[in-house]
Each structure stands twice: as structure tokens, then as C-alpha cells.
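# Breakdown of the fold
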Amino acid sequence: MDAEIHRLPMGICNCYLIKENSVILVDAGPPKQVGKLRTALQKLSIEPQDISLMLITHGHYDHIGSVSEVKTLTDCKVAINHREKEWVEQALHPLPPGIGIWGAVMAVLMRITAPFVQFPASSVDIALEDTELPLHPFGVNGKVLYTPGHSSGSTSLLLDTGEAFVGDLAMGGFPTRIGPGMPIFGDDRNAIKTSWKLLLDSGAKWIYPSHGNPFSADILRKAL
Ligand SMILES: [Zn+2]
């Protein structure tokens, strides 16, 4: 039986619950979102303790703001790439550069609002290396791939069935972009495309972004 995928809108960020033999949560959302997770788990009849792992795709505040509360609720392990481990442990929120005109405008807005963003720090259990991490030990048939570009520590979760949870390596559409493709923020456009290629070569068929709707991986293939 294939994994169940549940999209979980947490503020401006989509988190995802992947349920197979166990449950993995992808990202924790912006600050103060744990109530939404609690409600979703109740509706799905999933016990908080059934979550074995919280994979944080990268350390931007809208993905790590609720890590501490979610960890308290679920007692799950928290994994993030080693480059961005401190962002969670020290509740840092570095701002990414904009890509394109809209990205530049949004980057200015983020700089203005940044001082008001605060969230609790959390411990990290697994500092991911830049190698693949198989997820079978966490009850899901898939793996974590190192996919830098949006940030230097960005990772993606790829299920064996081809669904890829990419964080902000690609964005799905309004309000962050008109259509799916290049994120409006990012450290390195070329690295983003190299990571898209890695995902495609590894069997990604369907892209689940943190912002916007899921879309076919063919869209990334055409934009390479
Ligand atoms: Zn981001």
C-alpha cells in the first residue's frame, strides 16, 4: 500500500504528514501553529506519538517556527541538514536574497518585518550529512536527498513512489509566484536547477512545495 499524504496548511507554509508504517511530518510551519497540527491529527485519528520524525526541509523561520511546540506535543526526532542545525537550536532567522523583481520586493518587506518574528529554539536530534538518508528506519519507504540552492542546507524528501516534498526548492504558485517553478527567494539559481535535476534523476514525478499547490515534475524538467 502506498503512503497516505496529508497536506497541512500551517500559516503561510504547507506542512505534510506522510503516513505509511509510521508517520513523518515535513516541516513545522511558522511560529504558533501547533494547534493546527493537533486538530489535523485528531481528524486523521493519528496519535501525536505516532510521528517518528520531523524532517525540516530548511531553516527559514516559516518552516522552523513551531519546531519546539511540535516536538513537545509529539516527542519525535527532529532532523535538519547540519548547515542549518544552529538556526533551529538558536532560533535564528537569516533572510534569503530575492530572485527576480517580485522576490526583491518581498525581500525588502521581510527585512522590515524580521525584527518582529520570534519563536522558541529547539534541540535537533539528527544533523543530516550531505548524503542520502534512507527513511525505512522511520517507517516510510523513501529517502532524504541533499538539494541545496534555495538555502545551502536545503533537503527534500522523496518517496519511492515518486512524490517529492521539496520545501522551497520550487514554489507552486500564487501568492509567491504566478505559476510553479523557481522560488522567489534563494541563494543560488544554478544550484537550484542542479538539485531539480537530482530529484528528477532520482525518480521524482510529483512536486509538493511548501508554498502553493502540488504540480507535475515535468514542469521542472522543462525549466531546466
Ligand atoms: Zn525558505
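Nothing here was measured: the structure is a model prediction, and the numbers come from that model.

### Observations concerning the overall build of the protein
Per the secondary structure count, the protein includes seven helices and 12 strands. Here the C-alpha radius of gyration of the protein, 16 Å, is about what a compact globule of 224 residues would show, namely 17 Å. Pairs at least 24 residues apart make up 65% of the contacts formed inside the protein by residues separated by at least 6 positions.

### Details of the pairing of strand 2 (residues 13–19)
Of all seven residues in strand 2, six are buried; the element is thus mostly enclosed. Pairing between strand 1 (residues 4–10) and strand 2: seven bridges, direction antiparallel. Bridge pairing in strand 2 places Glu4 opposite Lys19. Where strand 1 folds back on strand 2, the antiparallel hairpin that results is connected by two residues, among which Gly11 adopts a positive phi of roughly 60 degrees. Where strand 2 and strand 3 (residues 23–26) come together, four bridges link them in antiparallel fashion. Residue pairing across strands places Leu17 opposite Leu25, the latter belonging to strand 3. Joining the antiparallel neighbours strand 2 and strand 3 is a turn of three residues.

### Describing the sheet that holds strand 7 (residues 133–134)
Read across the sheet, six strands follow the order 7-8-9-10-11-12 without closing on themselves; strand pairing throughout is mixed. Edge strands, defined here as strands with exactly one partner in the open sheet, are strand 7 and strand 12 (215–216). Judged from the five bridges that link them, strand 8 (residues 142–146) and strand 9 (residues 155–159) form a sheet pairing that is antiparallel. When the bridges of strand 9 are listed, Gly142 appears paired with Leu159.

### Quick word on the sheet that holds strand 6 (residues 126–128)
Read from one edge of the open sheet, six strands run 1-2-3-4-5-6, paired in mixed fashion. One side of each edge strand has no neighbouring strand; the edge strands of this open sheet are strand 1 and strand 6. Shown here is a sheet whose adjacent strand axes are inclined to one another by a mean of 20 degrees, direction ignored. In the packing of helix 3 (residues 67–74) onto the sheet, the strands contacted are strand 3, strand 4 (51–55) and strand 5 (77–81), and the crossing angle to strand 4 comes to about 170 degrees.

### So, the pairing of strand 8
In this sheet, strand 8 lies alongside strand 7 in antiparallel orientation, the contact comprising two bridges. What sits directly across from Leu133, in strand 8, is Val144.

### Observations concerning the nonpolar core
Judged by nonpolar contacts, the single largest core of 59 residues is most densely connected at Ile24, Leu25, Val26, Met54, Leu55, Ile56 and Ala164. Per element, the largest residue contribution to this core is five residues, and it comes from strand 2. Look past the residues within four positions of Val26 in its chain and what remains in contact with it is Cys15, Tyr16, Ile18, Leu55, Thr57, Leu157 and Phe165.

### Things to note about helix 6 (residues 189–201)
The end-to-end C-alpha separation of helix 6 is 19 Å, in line with the 18 Å expected for 13 residues at 1.5 Å each. Buried residues of helix 6: Ile192, Ser195, Trp196 and Leu199, and no others. Taken around the axis of helix 6, the buried residues stretch over an arc of 105 degrees, which confines them to a single face. Every exposed residue of helix 6 that faces more than 90 degrees away from the buried side is listed here: Asn190 and Asp201.

### Comments concerning helix 5 (residues 100–113)
With 14 residues, helix 5 should reach 20 Å at 1.5 Å per residue; the first-to-last C-alpha distance of 20 Å fits that figure. Among the 14 residues of helix 5, zero are classified as buried, and the element is accordingly described as predominantly exposed.

### Describing the packing of helix 1 (residues 34–43) against helix 3
The contact between helix 1 and helix 3 brings their axes to 9 Å, and the two run at 35 degrees. Contacts between helix 1 and helix 3 involve Val34, Leu37 and Arg38 from the first element and Glu69, Val70 and Leu73 from the second. Looking at the contact of helix 1 with helix 3 residue by residue, the class counts come to four nonpolar, no polar and two charged.

Parameters at a glance
Residues numbered from 1 in each chain as written. Predicted model: local features only at pLDDT ≥ 70, side-chain atom pairs only at ≥ 80, totals over all residues. Helix = DSSP H or I, 4+ residues; strand = E, 2+ residues; numbered from the N terminus. Rg over C-alpha atoms; globule rule 2.2 N^0.38 Å. Contact = placed C-beta atoms within 7 Å. Buried ≥ 20, exposed ≤ 12 C-beta atoms within 10 Å, placed from the backbone. Pairing = 2+ DSSP bridges. Axes fitted to C-alpha atoms, helices over the stretch in contact; angles between N-to-C directions. Core = buried A, V, L, I, M, F, W, Y, C linked by C-beta atoms within 7 Å. Expected span 1.5 Å × (residues − 1). Arc of directions from axis to C-beta. Nonpolar A, V, L, I, M, F, W, Y, C, P; charged D, E, K, R; others polar.

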